[in-house]
Amino acid sequence: MSEKFHVVGHAEQKVDAHQLITGKPVFAGDASFTGTLYVALLTSPHAHARITSIDTSRAEALEGVALILDHRNTPSKRYTTAGQGYPEPSPYDNRMFDTKVRFVGDRVAAVAAETKAIAEEAASLIDVEYEVLPAVLSIDEAMADGAPVIHDEDDATGVWDAAHNVAAAVDVVVGDVEQGFAESAVVVETTTETQYAQHAPLEPHIVQSYLDDAGRLVLYSSTQVPFHLRRIVAQVLDVPVHRIRVIKPRIGGGFGVKQEILIEDVAGLMTLRTGRPVRFEYSRKEEFVSARTRHPFRMRVKVGAGDDGVLKAIEMEAIQNTGAYGTHSLTVLSNAGSKTIPLYNKAPHIKFYGKSVYTNMPVGGAYRGYGATQSYFALETAMDQVAERLGMDPIELRRRNHIDVGGGSPIFRELGEGREGVDMVIRSCGLPEALTEGAERFEWDRKRAEGPGEGPLRRGVGLSVHMQGSGIPMIDMAAATIKMNDDGSFNLLVGATDLGTGSDTVLGQIAAEVLGVPLEMIVVTSSDTDVTPFDTGAYASSTTYVSGRAVESAAIEVRAQILGVASAMLGAEPETLEIGDTRVTAPDGASVSLGDICLRAMYGEDQFQIGSTASCVPEESPPPFLASFAEVEVDVETGMVRVVDYVAAVDCGTPINPRQAEGQVEGAIHNGIGYALTEVMEFTAKGRVRNPDLARYKIPGWADTPPIRVILVDSYEPTGPMGAKSISEIGINAPIPTIANAIYDAVGVRLTETPFTPEKVWRAMRDAGVT
């Protein structure tokens, strides 16, 4: 597609590349403010307890302590920490500091002091007495008759069934699945379980708060959702929104965990109480213990198909562990169905139901993939089982069932995010090409024919296919402002949040393409609630599609204004003029520079500022598609699994920046391989995290990662900016089912619980008699 464009479709250098590679102070923690106070957090040592008393006198007596916050001197209103659009579809079940703690790591008190060491010492001097309550540490315990009630407060709202520890529930039926199964030649059923996992961004949560010259609260925060952050902090602290400014600098990774408001309320209140700057930064241990995690799931999938492989029915039951609070509990649960079931829209009978269950465990939150990651494990395992039962190549089974251009699904409407979704028809689908090109590059036929081989090292191949989305239709909103400068450059102001994904670059490329200038002539400013227009933030794979459409619309209007001024200067009708290479050219060859056009608009006749603001609320969410192929080597003596080759063929529409698009897929696949093989949060019998550090929480390094070959298939999404749709999330959904299917191909063992550690694999092979 690059031949159609001058800037879009080309691997332009990231607009922040020079700052990053030269180590400029661009992150939230790099700033320095005179008179800063430092925060230490005191958290609960118990999974479930009531605080019967707090004595802070010894801590307050320590020299250098400025302020201590706990439930006695902080707002008591309920809210959600989930950074979602208003009204948030998550329960209001959280308090800034509560009289009850619900997991090991829950807030008890916070100390602000002259140094971090003093703050930590003061926190250790706070005397707290607890009434320890029975803890609920699994979904089975939570759902048992007579289970302790985790949220027994009477002021929480939006909880589905607090008395039975159910934060949220979903039940969608289309057709009659029992009829579909009765009509099927093959019916398979599988149940999978996924683990607690941590996002582990290199940069932990950090905020620096201070008062500006007008006495307004400024939050300089590593956040994915600046505008949601401002709204929620204003709500919690009872401060008018216009008295708060949020600035998002560069972010050292987020992956969803920074779509949460976890520390800014504390820092903000401390600054308001003391009048001084405050720095609140999670340690790596706190990132594991007190931040957010990926929701563990138990997924049961039942699939029926005819002799020809065409699906007759899909039934999916999801039980999600939301942990101690219900952040994202409904929407992650819903996505487990809405991002998976429509992929196989040939099935006329569908049932999706499930619940999100409270436990006294760490809190689940947004994590790249957002429910689809857990669900695809079960679905794509079942699809391989159907193919095996029918004696059909797994690729052919997918071809006969996947959604295609012109297709739709009732699930698009039935399963929205917190409310009913929208009817949608697929307008672009490169999955057929992804399957073909991916299989050829991977050499699928040859590797399958070779078989696992002999000896202790057995090889196998597996595949899976996926779809995701591009924003949340009729909910997400993005705006962009473009103004022209008198040298022919442009300022692009966007609320969109670049969390390392390169969205500032991508949005700049879209503007540059429309306006006929190189990328360096677009000065991008993003994520400052005082300066930039509104954007819901970086989540739901929305930025390229939703924010990109807003940028494209603003640029088209600015382009029209430019041509209007140039028309008067060149004596030609606007529709006859061409814009490109920083000039506007008339049919007779006469031309004028963009700089001269802006000077005319600013200083000449009919003066005005060339500029525009545009918004986008998407009416649909076109899915990207992915075909994933992996080859594994399994040691039958030790159970060790090594991924030796990986191919991901992706349809993202027009890749605005191909190099960045490939990098997004590579990173997501790498992330997903860790989730499949090594990453797991381990707990004691009382709910304490046993491995809250990067030495014991095993993230694969690049030396552990196979060659990942990414193919961007030719596709064009007619509703997207320049034909683009999303790419950032879909890759993480693929490794678990792809690797699981490859392990089965290698040693004949179906694994249904992640991660696939050597011990699990070895025990499964032993039980199956594999030698």
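Above this text sits the structure in question.
(A) Structural detail: the overall build of the protein. Scanning the protein from N- to C-terminus turns up 20 helices and 28 strands. What you see for the protein is a C-alpha radius of gyration of 27 Å, in line with the 28 Å of a compact globule of 771 residues. Overall size of the protein, expressed as C-alpha extent along the three principal axes, is 85 × 75 × 45 Å. Element-wise, carbon and sulfur atoms account for 49% of the exposed surface of the protein, whose accessible area totals about 27100 Å². Between the averaged position of the 68 positive side-chain charges in the protein and that of its 104 negative side-chain charges there is a distance of 4 Å.

(B) Fine view of the sheet that holds strand E22 (residues 578–580). Taken together, three strands build an open sheet; the order of strands is E22-E23-E24 and the sheet is antiparallel. On the outer flanks of this sheet lie E22 and strand E24 (591–593), each paired with one strand and no other. Ignoring strand direction, the axes of neighbouring strands in this sheet form an average angle of 20°. Relative to strand E23 (residues 583–585), E22 runs antiparallel, the two sharing three bridges. Each bridged residue has a counterpart across the sheet, and for isoleucine 579 the counterpart in E23 is valine 584.

(C) Broad picture of the pairing of strand E21 (residues 522–526). In this sheet, E21 lies alongside strand E20 (residues 490–494) in parallel orientation, the contact comprising five bridges. Residue leucine 493 lies in a different strand from E21, and its bridge partner there is threonine 525. Considered for its hand, the β-α-β crossover made up of E20, helix H15 (residues 503–515) and E21 is right-handed.

(D) Seen up close, the packing of aromatic side chains. Across all of its chains, the model carries ten aromatic pairs by this definition. Residues phenylalanine 227 and phenylalanine 534 carry aromatic rings whose centres are separated by 5.2 Å and whose planes lie at 65° to one another, so their mutual orientation is edge-to-face. Taken together, the positions of phenylalanine 227 in helix H6 (residues 226–237) and phenylalanine 534 in the loop between E21 and helix H16 (543–570) put the pair 307 residues apart, joining distant regions of the chain. For phenylalanine 227, a relative accessible area of 5% puts it in the buried group.

(E) Summary view of the environment of aspartate 581. The residue aspartate 581 is located in the loop between E22 and E23 in this model. On the accessibility criterion, aspartate 581 (71% relative accessible area) is exposed. Each C-alpha atom of the pair aspartate 581 and leucine 594 lies 9.3 Å from the other, and the pair is 13 residues apart in sequence.

(F) Broad picture of the side chain of serine 715. Here serine 715 shows up in the loop between strand E28 (708–712) and helix H19 (735–747). A polar contact of 2.7 Å, which involves the side chain of serine 715, links it to the side chain of aspartate 651.

(G) View of unusual backbone geometry. The linkage connecting tyrosine 86 with the following residue, proline 87, adopts the cis geometry, with an omega of -5°. You can see proline 87 is positioned in the loop between strand E3 (65–69) and strand E4 (100–101). Proline 755 follows threonine 754 through a cis peptide bond whose omega is -5°. Checked against the element boundaries, proline 755 lands in the loop between H19 and helix H20 (758–768). Positive phi is not limited to glycine here, since histidine 328 has a value of about 60°. By the element assignment, histidine 328 lies in the loop between strand E16 (311–323) and helix H9 (329–338).

(H) Broad picture of the side chain of glutamine 385. By secondary structure assignment, the location of glutamine 385 is in helix H10 (residues 372–390). A residue is classified by how much of its surface remains accessible, and glutamine 385, at 18% relative accessible area, is buried. With sequence-adjacent residues up to four places away left out, glutamine 385 is seen in contact with Val188, Thr190 and Arg750.

(I) How the structure looks around helix H17 (residues 594–603). Here H17 has its buried residues at Leu594, Gly595, Ile597, Cys598 and Ala601. Looking down the long axis of H17, one finds its buried residues gathered within 160° of arc, a one-sided arrangement.

(J) Inspection of the state of the cysteines at higher detail. Here the structure, examined in full by the defined rule, presents zero disulfides. Free of any disulfide, cysteine 652 has its nearest cysteine sulfur in cysteine 429, 13 Å distant.

Calculation notes
Residues numbered from 1 in each chain as written. Predicted model: local features only at pLDDT ≥ 70, side-chain atom pairs only at ≥ 80, totals over all residues. Heavy atoms only, no water. Helix = DSSP H or I, 4+ residues; strand = E, 2+ residues; numbered from the N terminus. Rg over C-alpha atoms; globule rule 2.2 N^0.38 Å. Areas by Shrake-Rupley, 256 points an atom, 1.4 Å probe, with all protein chains shown as cover. Lys, Arg positive; Asp, Glu negative; His and termini not counted. Charge placed at Lys NZ, Arg CZ, Asp CG, Glu CD. Pairing = 2+ DSSP bridges. Axes fitted to C-alpha atoms, helices over the stretch in contact; angles between N-to-C directions. Right-handed = clockwise from strand over helix to strand, strands pointing away. Phe/Tyr/Trp six-rings, centres within 6.5 Å; stacked < 30°, edge-to-face > 60°. Buried < 20%, exposed > 50% of the residue type's maximum accessible area, 1.4 Å probe, protein only. Polar contact = N/O pair within 3.5 Å; in protein donor to acceptor, adjacent residues only side chain to side chain. Contact = heavy atoms within 4.5 Å. Arc of directions from axis to C-beta. Disulfide = S-S within 2.5 Å.

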